[in-house]
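Listed below are the residues making up each chain.
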Amino acid sequence: QVQLVESGGGLVQPGGSLRLSCAASGRIFSINDMVWYRQAPGKQRELVATITNSGRTNYADSVKGRFTISRDNAKNTVYLQMNSLKPEDTAVYYCNCNVRENLLISRDYWGQGTQVTVSS
């Protein structure tokens, strides 16, 4: 089994910054894609940013130029640096990792979510 623990959420004023972290632990051989999603009240969960195990990144149009995803493979951790935050960024943020547990098995795991609220 693998556990994902997120941290770094909170309340921030518009224009402010937050850095989210998601640390994976447990039966891990390697981690493929690491992804941040978010879900605002009454809305569907949406993909925010993706980083592959080679470091290639992809972002939702709504966050390009403001958010940066990165990873530390030695720590099995993915980060989301969020700058110039807007009220519409308010949501619960979830990390998702595709974990290779051995040479044959890969599974998707989800974190518990961390609340980000952008408000004055």
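Keep in mind the model is a prediction, meaning the values are calculated, not measured. (Residues numbered from 1 in each chain as written. Predicted model: local features only at pLDDT ≥ 70, side-chain atom pairs only at ≥ 80, totals over all residues. Heavy atoms only, no water.)

Caption draft 1: Local environment of the nonpolar core. Ranked by size, the top nonpolar core spans 31 residues in total, and within it Trp36, Leu80, Met82 and Tyr93 carry the most contacts. Of all the secondary-structure elements, those providing two or more residues to this core are β1 (2-7), β3 (18-26), β4 (30-39), β5 (46-51), β7 (67-72), β8 (77-82), β9 (91-100) and β11 (114-118). Sequence-distant contacts of Met82, that is, excluding residues within four places in its chain, are made with Gly16, Ser17, Leu18, Leu20, Arg66, Phe67, Tyr93 and Val116. (Core = buried A, V, L, I, M, F, W, Y, C linked by side-chain atoms within 4.5 Å. Buried < 20%, exposed > 50% of the residue type's maximum accessible area, 1.4 Å probe, protein only. Helix = DSSP H or I, 4+ residues; strand = E, 2+ residues; numbered from the N terminus. Contact = heavy atoms within 4.5 Å.)

Caption draft 2: View of the packing of aromatic side chains. Within this structure, the stated rule accounts for one aromatic pair. Here the aromatic rings of Tyr37 and Trp110 are separated by 5.0 Å at their centres, their planes lie at 45 degrees, and the arrangement is tilted. Note that Tyr37 is positioned in strand β4 and Trp110 in strand β10 (residues 106-110), a separation of 73 residues in sequence. Judged by its relative accessible area of 40%, Trp110 falls in the partly exposed class. The ring of Tyr94 is capped by Arg45, whose NZ or CZ atom sits 3.9 Å from the centre of that ring. Above the face of the Trp110 ring, Arg45 is positioned so that its terminal group lies 4.7 Å from the ring centre. (Phe/Tyr/Trp six-rings, centres within 6.5 Å; stacked < 30°, edge-to-face > 60°. Lys NZ or Arg CZ within 6 Å of the ring centre and 35° of its normal.)

Caption draft 3: Summary view of the sheet that holds β1. Pairing within the open sheet is antiparallel, and its four strands lie in the order β1-β3-β8-β7. Where the open sheet ends on each side, the last strands, each with one partner, are β1 and β7. Here the average twist between neighbouring strands, direction ignored, is 15 degrees. In this sheet, β3 lies alongside β1 in antiparallel orientation, the contact comprising six bridges. Within the sheet, the bridge partner assigned to Leu4 lies in β3 and is Ala24. (Pairing = 2+ DSSP bridges. Axes fitted to C-alpha atoms, helices over the stretch in contact; angles between N-to-C directions.)

Caption draft 4: Examining the state of the cysteines more closely. Taken as a whole and assessed by the stated rule, the structure comprises one disulfide. Shown here is the disulfide that connects Cys22 with Cys95, its sulfur atoms set 1.9 Å apart. Handedness here is read from the sign of the S-S torsion; for Cys22 and Cys95, about 45 degrees, the answer is right-handed. With a gap of 73 residues between them, Cys22 in strand β3 and Cys95 in strand β9 connect regions that are remote in the sequence. In this structure Cys97 is a free cysteine whose sulfur lies 4.8 Å from that of Cys22, the closest cysteine sulfur available. (Disulfide = S-S within 2.5 Å.)

Caption draft 5: Just the pairing of β5, in detail. Bridging between β4 and β5 involves five bridges; their strand directions are antiparallel. Across the sheet, the residue bridging to Met34 is Ile51, located in β5. Between β4 and β5, which pair antiparallel in sequence order, lie six residues; one of them, Gly42, sits at a positive phi of approximately 75 degrees. In terms of strand pairing, β5 meets strand β6 (residues 57-59) through three bridges, oriented antiparallel. Across the sheet, the residue bridging to Thr50 is Asn58, located in β6. Between β5 and β6, which follow one another and run antiparallel, lie five residues, and Gly55 among them has a positive phi close to 95 degrees.

Caption draft 6: Representation of the pattern of salt bridges within the structure. Taken as a whole, this structure holds five salt bridges when the rule is applied. Arg66 is the salt-bridge partner of Asp89, the closest N and O atoms lying 2.7 Å from each other. Here Arg66 lies in the loop between β6 and β7 and Asp89 lies in the loop between β8 and β9, a separation of 23 residues in the sequence. In this pair, the class of Asp89 matches that of Arg66, namely buried. Here Glu101 ties to Arg107 by a salt bridge, and the two come within 2.9 Å at their closest N and O atoms. Among the residues examined, Arg107 registers a relative accessible area of 40% and is labelled partly exposed. By sharing partners, the salt bridges in this structure join Arg38, Glu46, Arg66 and Asp89 into a single network. (Salt bridge = Lys/Arg side-chain N within 4 Å of Asp/Glu carboxyl O.)

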